[in-house]
Amino acid sequence: MGALSPPVAAPEQEHAARVASLRRLLHPASVAVIGASRDPESIGHRILRNLLDGGFAGDVHPINPRVSHVLERPAYPDIDAVPGPVDLAVVVTPAATVCEVARSCASRGVAGLVVITAGFAETGPEGAEREARLRDICRAAGMRLVGPNCLGLADTGSGVNATFLPHPPLPGPLGVMSQSGALGVALVERARVLGLGLSTFVSVGNKADVSGNDLLEYWEDDPATDLIAFYLESFGDPVRFADLARRVGARKPVIALKSGRSRAGDRAVRSHTAAAATPDVAVDALLRGCGVIRVESMQDLLDTARLLATQPLPRGSRVAIVGNSGGPGALAADACERAGLTVPELSTGTQRLVRDGLRAPLRPVAAVANPIDLTADGDAVDLAHAMTTVLADPAVDTLLVVYTPRSEPGDAVARLAIAEVAATTSKTVLACLVGHDGMVEASPVPAYAFPEQAARALRHAVDYARWRAGSAPAEPAGWRAEVAPPWADVERARGIIRRHLADAGPEWLDPATAADLLGCYGVNVARSVTVHSEEAAAAAAAEVGLPTALKATGPALVHKSDVGGVRLDLSTPDRVADNYRELAASLGPRMTGAVVQRMAGSGVEMIVGAVRHRAFGPLVMVGMGGVAADLLADRTFRVPPITTREAAAMVAELRCSPLLSGYRGSPVVDSASLFEQVVRVGRMVRDLPEVAELDLNPVIVTGDGAVTVDARIRLAIPTAS
Ligand SMILES: Nc1ncnc2c1ncn2[C@@H]1O[C@H](COP(=O)(O)OP(=O)(O)OP(=O)(O)O)[C@@H](O)[C@H]1O
Ligand SMILES: [Mg+2]
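Residues numbered from 1 in each chain as written. Chains lettered and ligands numbered in written order. Predicted model: local features only at pLDDT ≥ 70, side-chain atom pairs only at ≥ 80, totals over all residues. Heavy atoms only, no water.

Undergrad: What is the right way to look at the sheet that holds strand β7 (residues 144–146) in this model?
TA: To summarise the sheet geometry, strands pair through backbone hydrogen bonds and adopt either a parallel or an antiparallel arrangement. The 5 strands are arranged β2-β1-β5-β6-β7 in an open sheet whose pairing can be described as parallel. Each edge of the open sheet is held by one strand with a lone partner, namely β2 (59–63) and β7. For this sheet, the mean inter-axis angle between neighbouring strands, taken without regard to orientation, is 20 degrees. (Pairing = 2+ DSSP bridges. Helix = DSSP H or I, 4+ residues; strand = E, 2+ residues; numbered from the N terminus. Axes fitted to C-alpha atoms, helices over the stretch in contact; angles between N-to-C directions.)

Undergrad: Looking at this model, I keep getting lost on the packing of helix α16 (residues 490–503) against helix α17 (residues 511–520). Mind explaining?
TA: The axes of two packed helices give the description: the angle between them and the distance between them. Interaxial distance between α16 and α17 falls to 8 Å at its minimum, and their mutual angle equals 155 degrees. Compared by their axis directions, α16 and α17 come out roughly antiparallel. By crossing handedness, the relation of α16 to α17 is classed as left-handed. Across from R492, A493, I496 and I497 in α16, the residues of α17 making contact are T513, D516, L517 and C520. (Parallel < 35°, antiparallel > 145°, perpendicular 65-115°, else oblique. Left-handed = near helix turned anticlockwise from the far one by under 90°. Contact = heavy atoms within 4.5 Å.)

Undergrad: Would you mind showing me how to read the coordination of the magnesium ion (ligand 2) here?
TA: Angles between donor atoms at a metal ideally measure 109.5 degrees for a four-coordinate tetrahedral arrangement and either 90 or 180 degrees for a six-coordinate octahedral one. Bound to the magnesium ion (ligand 2) are the protein donor atoms N697 (O) and D710 (OD), situated 2.0 to 2.2 Å from the metal. Residue N697 is located in strand β29 (residues 691–702), and its partner D710 is located in the loop between β30 (705–708) and β31 (711–715); the two are separated by 13 residues in the primary sequence. For N697, a relative accessible area of 7% puts it in the buried group. (Donors = N, O, S within 2.8 Å, 3.2 Å for Na, K, Ca; no water. Buried < 20%, exposed > 50% of the residue type's maximum accessible area, 1.4 Å probe, protein only.)

Undergrad: Sorry, what's going on with the site of ligand 1 here?
TA: Taken together, the neighbourhood of ligand 1 is formed by 19 residues, with K551, H559, S561, E605 and D710 sitting nearest. At 2.3 Å, a side-chain N or O of E605 approaches an oxygen atom of ligand 1. One of the backbone N or O atoms of N697 is found 3.0 Å from an oxygen atom in ligand 1. Of all elements in the fold, only β24 (566–570), β25 (593–598) and β29 reach the threshold of two or more residues within the shell around ligand 1. Broken down by element, the shell around ligand 1 gets its largest block of residues, 3 residues, from β29. A breakdown of the residues in the shell around ligand 1 according to their chemical character gives 7 nonpolar, 6 polar and 6 charged. (Near = heavy atom within 4 Å. Polar contact = N/O pair within 3.5 Å; in protein donor to acceptor, adjacent residues only side chain to side chain. Nonpolar A, V, L, I, M, F, W, Y, C, P; charged D, E, K, R; others polar.)

Undergrad: What is the right way to read the pattern of salt bridges from this model?
TA: Side chains bearing opposite charge may pair, as long as their charged atoms lie close to each other. All chains considered together, the criterion is met by 38 salt bridges. Linking D214 and R144 is a salt bridge whose minimum nitrogen-to-oxygen distance equals 3.2 Å. Here the residue D214 occupies a position in helix α6 (residues 212–221), and R144 occupies one in strand β7, the gap between them amounting to 70 residues. Looking at D214, the relative accessible area reads 9%, which means it is buried. One salt bridge in this structure joins D463 and R466, with 4.0 Å as the shortest N-O distance. Here R466 and D463 lie together in helix α15 (residues 451–471), a separation of 3 residues that amounts to about one turn. (Salt bridge = Lys/Arg side-chain N within 4 Å of Asp/Glu carboxyl O.)

Undergrad: I keep staring at the nonpolar core and nothing clicks. Help me out?
TA: Soluble, globular proteins show a tendency: their nonpolar side chains are buried together. Counting 107 residues, the largest nonpolar core has L153, L216, F230, F241, I255, I321 and L400 as its most contacted members. Per-element tally for this core: the top contributor is α15, with 8 residues. Among all residues touching F241, those that are not within four sequence positions of it are N213, L216, F230, F235, L286, L287 and V292. The next biggest cluster of nonpolar side chains, apart from the first, holds 44 residues, and it includes V523, V651, V685 and V701. (Core = buried A, V, L, I, M, F, W, Y, C linked by side-chain atoms within 4.5 Å.)

Listed below in structure tokens is the structure:
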């Protein structure tokens, strides 16, 4: 670490500085390839050749002490010998030499390194130590570092191709980051074949310095990038990723393919929330809440990117299907419905217009209701007519053309017709050219070999459009207030935590302290008094108000109901005293006291929880609650902060959500109060890193509020990340 601490910069300045530092890597004036070789098979040679072939206008310098020229370029023995400044140095020398090379680059004033060389943290402790040294050298010099153990980077705007990809990427709007070199090659190659262009490709390897988060910031400002795709194996700073992705995603779609190699936590967990928060659930919560499109496969990624890169966002989920054969059309309709899209029956007016406008109106047409099947006799003119007609129907958001090729030149004319009609509409148009993946005649209409691909891509686009509409700055009135975080007495909460950690150490809070802490965040807990005798229980019943609940407490009593430790609806102080005596007799020394609690009115039992995930930070859960919470597993997670709108979206995802709005004659309850509790819990876990696990189960949602009757909170000393 340098002796001088850097001046504190405003977030906008830090953002600008990070973007500028990456811009110098992706738009360098000059590049050196350290380890450029004459052997055409070597990586150093291939990178140099890619740089020379790629249309890059700046200077390219091979560095190799043993030869005078490589690929007809004068070679220099080391970076010091290169005349003029060097922005980017690509390093392919053996692992043992890389730190020394980095040091000489640092003293030479190089702006950034791309270290292709492997043999760092991926190989074990010795490599990890070498990587740490390399990172320190770069940090101290203010030099950015991509890799090590990576494939390089390319930018189709500047023409720099500092990779050993077999072919350069096509120019286009997609920014790609890959954490795996092999999948990076596959992705770029396949994108090229499909006609999908890239603005930038960065293989980040071990992510010693430049990470997905840096690139998100870069692409946020990069005018050449309209959408972003990540292949991820791990998150360095998931909470920051969520914040950035949410911000960037409001303007540019962010797609992520995440491999789930992490194992479930092995620690025995006691809260419902922690038990439900598997690593994959955590990834999903993280990505979903910030509008990231999570895809399942490389193909799904490419299919979705092609749609989003070329077509307007769908206005809704209603799809019209127009095709020239029955089977693929029916498959397409099935696939759309399975994907959660709708294939509505077209109005009789639209059906008549379709039928009447066909070239030979009397020819029997298999179907015009949706899917429309023009049969094998339908030609390009019929196709164009049917497309135009359904696109004019306001009940259609998206048109999926399912065209089964028959023979050229008719097929070519049909493809042209698809492209031409698509160019006249502001609705989403995509095609399934059965058996052919790519673009329709180099037009901005993506073509998929099979209808399932089209349906899946469209579903992602619809979800994203919905998310974006909900998060756009122009929000309906009434939602603005939630921009400010809810009220909280953070100082008092911190005091409670400090006192608890000092007195009792980490672990579970007793019910009174838990209620106290929740009170600091305005979480509504039923009035409760902790007692240690039957006399005190009777007195407390009068104090909290009858009828009451009585619950046995004790450090070893986790799920009180399981041992018969919960008595409900006790209507007199005497009955409270009797029940206390009975509980004490049956539970013995496990019971150290009891909680006397005001009964809540009847309502819907929900669970609100939070857990701090080792890698993902805090997660908030809402689900169906009560004693059957684990059995039904109806729950959803998000990464805080959570807005009221997002809390509402979470609840809407639950299968039990109709219970809140008067299912089968039951009373409508106050959902807004539930949303508020979720928002407050989100704020609490974000503010208080010591809160490791939290279960409010149940939160009883009644006609006039939401009240927690059972709260469990575990504290832990936060581990430095
Ligand atoms: N104050 C109350 N008002 C109304 N009903 C209550 C009250 N307290 C408890 N109940 C009912 O009793 C059930 C069990 O209570 P509680 O959640 O406190 O026990 P528990 O055994 O800790 O449950 P779990 O371990 O599953 O979270 C609740 O789901 C609810 O139906
Ligand atoms: Mg409970």
